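Here's the letter readout for the chains.
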Amino acid sequence: MNAKQLIEDNNRKRELLTTENEEYYGDLLLYIRLKLTLSEQQSEEVLMELLDHLLDAQEAGKTAREIFGDDPKGFADAIIEHLPKEEKRKVIPFIGGIIADIIGWILVIRGGLLFILSQFTEVEVKSTVHPISTIGIALVLASFVLFTIFYIFKIIDRSLFTEKPNAKKDSIKAGLVGALGMAVVLLVVKFLPEIGPAFVFPWWVSLIVGGILLFSMYLRKKRKEE
Amino acid sequence: MSNRSQLLKGILDGCVLAVIEIEPVYGYELSQKLLNIGLADVSEGTIYPILLRLQKNGLIRGEMRPSDSGPNRKYYFLTEAGLEALETIKEEWKQISKPVNELLIGRREG
C-alpha cells in the first residue's frame, strides 16, 4: 500500500474513534505529518499501525491515554526519533514539481492578464522582461512562501497537545504574517529597478509556455498515480 | 517511572524479539502477548518506538498481510541478524540473571 492509499484508509478509519480518542490521535497524527523531512511512507505506515491498535483497544474499552501514555508529545517524539528520513530522490522531484507548478501558473496568469489588458490599454512596453530583476523578485517571493509555511507549521505545532488551543489568535497571527509578507513582496516588485538585459516576452508566448509546463506536470502526476 | 519498568526497559528489545521469533505478529498482537506473559508495566504504545528501532537496525522487517480477522496489518518477521541478536541477548541475560538472582534472592532466603 502506498502513502496515498494509507492516508485515505486512515481518514476513513479515524471516523470510528470516540471523540476523546480522536482528539488524542488527531494531535499525534498532525504532529508526525508536519515533520516533512521524514519518510512519508514510513510515517503513514506507523500512523496506520497506531490507529489500528487504538481501534482494537477501543473495542476492548481502553482509551488512547491508557495505551499511549499521559505524554503524547513525548510518545510522538520517541516515534519520530526512529523514523527514517525521506530519500533525496523523492524530495527533489517533489519540490521541483511545486516550483514548476508555480512558474506555470504565473506564466499563464501573466499571459492572460497581458492579453486582457492589451484590449483596453497600450501595454506593449510591459511585455518586456528583465531576467535579473525577475530572478530577484522570484527569490523574495520564494523566501516569503517558505517563511510563511514554516511559521504556520510552527503555530500548528505549538497548538498541539494543549488543553485549549486558541484557534482565533492563531488564525490572526498567521493572517498577519501572510499579509505583511505579501506587502513586502509587492513593495519589492514596485520599487526594484529594472536592471540588466531585457527581452520581449509577449502574452501568447507566456500563455503557451505556461500551458505546456502545467500540462506536462499534470501528465507526470497522472502517470505517477497509475 | 516505577522501578520495574526502569529495569524492564533494558531487556524489552529482547522480549519483543523473542515474541516475534515464535511467530510473526502485528503491533496489537505483540502488546497483548507481552501483557499475557505478565509484562503489564509496559504501556502498550511503548512497543512502537522499539519496533521502529529494531526495523531500522535490520533485526526485524515489516510486511503488510491480511490478518486472521480480515483487514491488512503490518506483520513483523525476524531477520537473520535479528535471530543472531536474540541469541546474544539470551546469552547475556543468562550471564546477568544468574548472579543477580543469587545476590538478591539468594541473600533474602538465606
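Residues numbered from 1 in each chain as written. Chains lettered and ligands numbered in written order. Predicted model: local features only at pLDDT ≥ 70, side-chain atom pairs only at ≥ 80, totals over all residues. Heavy atoms only, no water.

### A look at the overall build of chain A
Rule in force here: Secondary structure elements follow DSSP: runs of H or I of four or more residues count as helices, runs of E of two or more count as strands, with numbering from the N terminus. In this setup the radius of gyration rests on C-alpha atoms only. A globule is expected at 2.2 Å times the number of residues raised to 0.38. Relative accessibility decides the category of a residue: with a 1.4 Å probe and only protein chains considered, values under 20% of the type maximum give buried, values over 50% give exposed, and everything between is partly exposed. Contacts between residues were defined by any pair of non-hydrogen atoms, one from each residue, lying within 4.5 Å. In this description, accessible areas are obtained by the Shrake-Rupley approach with a 1.4 Å probe, and a residue is regarded as covered only by the protein chains that are shown. His is not counted, nor are the chain ends; Lys and Arg add positive charge and Asp and Glu add negative charge. The atom standing in for a charge is NZ when the residue is Lys, CZ when it is Arg, CG when it is Asp and CD when it is Glu.
Helix and strand counts for chain A come out as nine helices and two strands. Ordered by position in the sequence, the α and β elements of chain A form the string α-α-α-α-α-α-β-α-α-β-α. Over its C-alpha atoms chain A spans a radius of gyration of 23 Å, topping by over 25% the 17 Å that the globule rule assigns to 226 residues. Counting only C-alpha atoms, chain A reaches 75 × 40 × 30 Å along its principal axes. Looking at the 226 residues of chain A, the share that counts as buried comes to 32%. In chain A, the proportion of contacts linking residues at least 24 apart, taken out of those at least 6 apart, comes to 81%. Accessible area for chain A stands at about 14,600 Å²; split by element, carbon and sulfur atoms hold 68% of it. Of note, chain A has its 27 positive side-chain charges centred 7 Å away from the centre of its 30 negative side-chain charges.

### Here's the deal with the sheet that holds strand 3 (residues 72-78) of chain B
Put simply, the test is: Strands are treated as partners if at least two bridges between them are detected by DSSP.
The antiparallel open sheet is built from three strands, whose spatial order is 1-3-2 (chain B). Bordering the open sheet on either side are strand 1 (25-26) and strand 2 (60-66) of chain B, each of which pairs with just one other strand.

### Overview of the domain arrangement of chain A
Interface size is commonly expressed as the accessible area that is lost once the parts come together. Residues and elements named next belong to chain A. Threshold: Residue ranges labeled as domains rest on an automatic or database domain assignment. Here the quantity called buried area is the accessible surface, traced with a 1.4 Å probe, that two parts lose on coming together, added over both.
By the assigned domains, chain A splits into domain 1 (3-82) and domain 2 (88-225). Centre-to-centre, using C-alpha coordinates, domain 1 lies 34 Å away from domain 2. Counting residues at the interface gives 11 residues for domain 1, matched by six residues for domain 2. Together domain 1 and domain 2 conceal approximately 850 Å² of surface at their shared face, both sides included; 75% is due to carbon and sulfur atoms. When the buried surface of domain 1 facing domain 2 is broken down by residue, Asp27, Tyr31 and Leu34 rank first, second and third, together holding 55% of it.

### Overview of the pairing of strand 3 of chain B
Residue and element names in this part refer to chain B. The buried fraction of strand 3 is high, at five of seven residues. Sheet topology places strand 1 next to strand 3; two bridges connect them, and they run antiparallel. Bridge assignment links Val25 to a residue of strand 3, and that residue is Tyr76. Bridging between strand 2 and strand 3 involves seven bridges; their strand directions are antiparallel. Of the residues in strand 3, the one forming a bridge with Pro66 is Asn72. Count of turn residues in the strand 2/strand 3 antiparallel hairpin: five residues, of which Gly70 carries a positive phi of about 125 degrees.

### So, the packing of aromatic side chains
Heads up, the rule is: Any two rings among Phe, Tyr and Trp, with Trp reduced to its six-membered ring, count as a pair given centres within 6.5 Å; such a pair is stacked if its planes are under 30 degrees apart, edge-to-face if over 60, and tilted if neither. In this analysis the charged atom, NZ for Lys or CZ for Arg, is taken to sit over a ring once it is within 6 Å of the ring centre and within 35 degrees of the ring normal.
According to the stated counting rule, one finds eight aromatic pairs over all chains in the structure shown. Look at Tyr26 of chain B and Tyr75 of chain B: their rings are 5.3 Å apart centre to centre, the planes differ by 80 degrees, and that puts the pair in the edge-to-face class. Taken together, the residues Tyr26 of chain B in strand 1 and Tyr75 of chain B in strand 3 connect sequence positions 49 residues apart. For the pair shown, Tyr26 of chain B and Tyr75 of chain B are each scored as buried. Here the aromatic residues Tyr24, Phe68 and Phe75 of chain A are joined through ring pairs into a cluster of three or more. Residue placement shows Lys190 of chain A over the ring face of Phe191 of chain A; its charged tip is 6.0 Å from the ring centre.

### Details of the interface of chain A and chain B
Note the threshold: Each reported salt bridge corresponds to a side-chain nitrogen of Lys or Arg within 4 Å of a carboxyl oxygen of Asp or Glu.
Taken together, the contact between chain A and chain B spans 21 residues of the former and 20 residues of the latter. The contact between chain A and chain B buries some 1,800 Å² in all, and 58% of this surface belongs to carbon and sulfur atoms. Taken as a group, Glu49, His53 and His82 of chain A account for 36% of the area that chain A buries against chain B, more than any other trio of residues on that side. For the pair chain A and chain B, the number of links is four salt bridges.

### Some words on the pattern of salt bridges
All names here are of chain A. The full count for this structure, using the stated rule, is 20 salt bridges over all chains. Between Asp52 and Lys13 there is a salt bridge, and its shortest N-O distance comes to 2.8 Å. Of this pair, Asp52 sits in helix 3 (residues 40-59) while Lys13 sits in helix 1 (residues 3-14), and the two are 39 residues apart along the sequence. The exposure class assigned to Asp52 is buried, which follows from its relative accessible area of 6%. Of the charged contacts, one joins Glu87 and Arg89 as a salt bridge, the two residues approaching to 3.0 Å between their closest N and O atoms. Classification of Arg89 by relative accessible area gives exposed; the value is 60%.

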